[in-house]
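What follows is each chain in one-letter form.
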Amino acid sequence: MRSYVQKIEFADSPQSTIGVEWEIALVNRENADLCSVAEKVLDKLKEDAGIPADEEHPTIKPELLMNTVEVVTGVHRTVADAADELRANVRRLREVTDPMGVDLYCAGSHPFAAPTSQPVTDKERYANLIDRTQWWGRQMVIYGIHVHVGLDDREKALPITDGLINYQPHFQALSASSPYWGGEDTGYASQRALMFQQLPTAGIPFHFNSWSEYEAYVADMLHTGVIDDISEIRWDVRPVNRLGTVEMRICDGMSSLEDISAITALTQCLVHDMSMSLEAGYKIPVMPAWHRVENKWRAARYGLDAIIILNAQGDEMLVTDHLRNEVKRLTPVAEQLGCQDELQGIIRLIERGAGYQIQRQIFATTGGDFQAVVKDNVAQMNAV
């Protein structure tokens, strides 16, 4: 019998408030390759803001690799407000990077950079990650979008985690933007999805029947040394107890703020809809584990052309058809939350095409020019 326990308190959070995290790569303007100048960029940002050197910037932070910064928002009630803060933070970031000849880039991966040659940020937790994961850890030249949604009751956290995993293929297909890896077409819409899950505590979350089961899992992970802190559980969707949120981490990086707003709106609407269902006494369906795994693979492989499994009975549908149905179903929720136009951005994204499709189109029309792929992405970032 366990002699150790891990009680996990869940912070108070207003229902359906949101926060967004945007991982952004730094690229050399001349050759479009990654450049590891995040430390210099962050030092300048802190100097300009009068922040002590030993403190972090509140909204632009370091990440695992020195070619990456993360732009984060505070807590917002509407998608529009969160997007406004992202826009302001990115423009502030560009005030520092532009004079350095550094451009901003965001997709699930960089199309031609050598993955294992990217320097790691000088922090103990990152050094420990690389020491433990070795070759796989050194491959993590990947970028994503994370959306937090506030929950007013801890008992909603695990059911809604399961619920969002039911939509894993939808988020993966919409955001897929990493077809290339180290100068090679992988044949996948999202190489990032399959790469990131190689880390020992990443990938699809386990299903738990109760919060105490989840606490027991975390206690096991800490006791056996798999993790040193609960934040090292890097699932595609996870409860974040210190913030009182559920965090959707499925998405590849995206360069369009309109697309990020659409993804944020879809996440907020789904969580709010699930929250209301739970309050009404309904249970959120739990997909069989093998369906979860298959859906993730299908979306990573085929993107918007994926035929996904909808339920435990094995019913299937083209992911874009199901997304159109879900946008229609969630429109009253979006009206309540004030994100109707942003939710409609899902339809606009489908009609325009996802990042992986645009990258392959540019690569084909330029005769195989990876720099053109990067520069098109940079132009999207410059429009923010």
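The name given to the protein chain in an unreviewed UniProt entry is Putative glutamate--cysteine ligase 2, with the source organism recorded as Glutamicibacter bergerei. Regarding the protein chain, the UniProt comment filed under Function (unreviewed entry) reads as follows: "ATP-dependent carboxylate-amine ligase which exhibits weak glutamate--cysteine ligase activity." Word for word, the UniProt comment on the protein chain under Catalytic activity (unreviewed entry) is "L-cysteine + L-glutamate + ATP = gamma-L-glutamyl-L-cysteine + ADP + phosphate + H(+)".

Novice: Any chance you could explain helix H5 (residues 168–175) here in plain terms?
Specialist: Each α-helix turn comprises 3.6 residues. Residues three or four places apart therefore point the same way. Among the eight residues that make up H5, eight are buried, leaving the element largely enclosed by the rest of the structure. All of the buried residues along H5 are Gln168, Pro169, His170, Phe171, Gln172, Ala173, Leu174 and Ser175.

Novice: Got a minute to help me understand the nonpolar core in this structure?
Specialist: Of all hydrophobic cores here, the largest spans 87 residues; its most connected members are Trp22, Leu164 and Phe171. Here the element with the most residues in this core is helix H8 (residues 257–279); it accounts for 10 residues. Ranked by size, the runner-up nonpolar core spans 20 residues in total, among them Leu34, Tyr105, Met195 and Val378.

Novice: Whenever I open this one, empty space enclosed by the protein confuses me. Can you help?
Specialist: Regions of empty space are outlined by a rolling probe, equal in size to a water molecule, passed over the atoms. By the definition in use, this model includes two cavities of 30 Å³ or more. Of the volumes computed, that of the largest cavity is approximately 40 Å³. Lining the largest cavity we find Gln168, Gln172, Arg192, Ala193, Phe196, Asp236, Arg249, Ile250 and Lys296. Mapped onto the lining of the largest cavity, the elements with two or more residues apiece are H5, helix H6 (191–196) and strand S11 (245–252). It is H6 that provides the largest number of residues to the lining of the largest cavity, a total of three residues. Residue classes in the lining of the largest cavity are distributed as three nonpolar, two polar and four charged. Taken as a whole, the second largest cavity spans an internal volume of roughly 30 Å³. As for the second largest cavity, its lining consists of Leu158, Thr161, Asp162, Phe206, His207, Phe208, Trp235 and Pro239. Per-element accounting of the lining of the second largest cavity gives the leading share, three residues, to helix H4 (residues 157–166). Split into classes, the residues belonging to the lining of the second largest cavity amount to five nonpolar, two polar and one charged.

Thresholds applied
- Sequence order sets the numbering: in each chain, residues are counted from 1 along the sequence as written.
- At least 70 in pLDDT is required for a residue's local features to be given in this predicted model, at least 80 for side-chain atom pairs to be given and counted, and no such filter applies to totals for whole chains, interfaces and linings, which use all residues.
- Side-chain numbers here rest on the full set of heavy atoms in the structure, without hydrogens or water.
- UniProt positions are given in the numbering used here, feature names are shortened, and annotations may be inferred rather than shown by experiment.
- Note on classification: 1.4 Å probe, protein chains only; a residue is buried when its accessible area is under 20% of the maximum for its type, exposed when over 50%, partly exposed between these limits.
- Only DSSP runs of H or I covering at least 4 residues are called helices, and only runs of E covering at least 2 are called strands; the numbering of each starts at the N terminus.
- By nonpolar core is meant a set of buried Ala, Val, Leu, Ile, Met, Phe, Trp, Tyr and Cys residues that side-chain atoms within 4.5 Å join together.
- Each cavity reported here is a set of points on a 1 Å grid over the protein atoms alone in which a 1.4 Å probe fits but cannot get out, each pocket an open set with protein on both sides within 12 Å along at least five of seven lines, and each lining residue one with an atom within 4 Å of a point.
- Grid points are joined across faces, edges and corners, and a volume is the space filled by probe spheres set on the points.
- Lys, Arg, Asp and Glu make up the charged group, whereas Ala, Val, Leu, Ile, Met, Phe, Trp, Tyr, Cys and Pro make up the nonpolar group; the residues left over, Gly among them, are polar.

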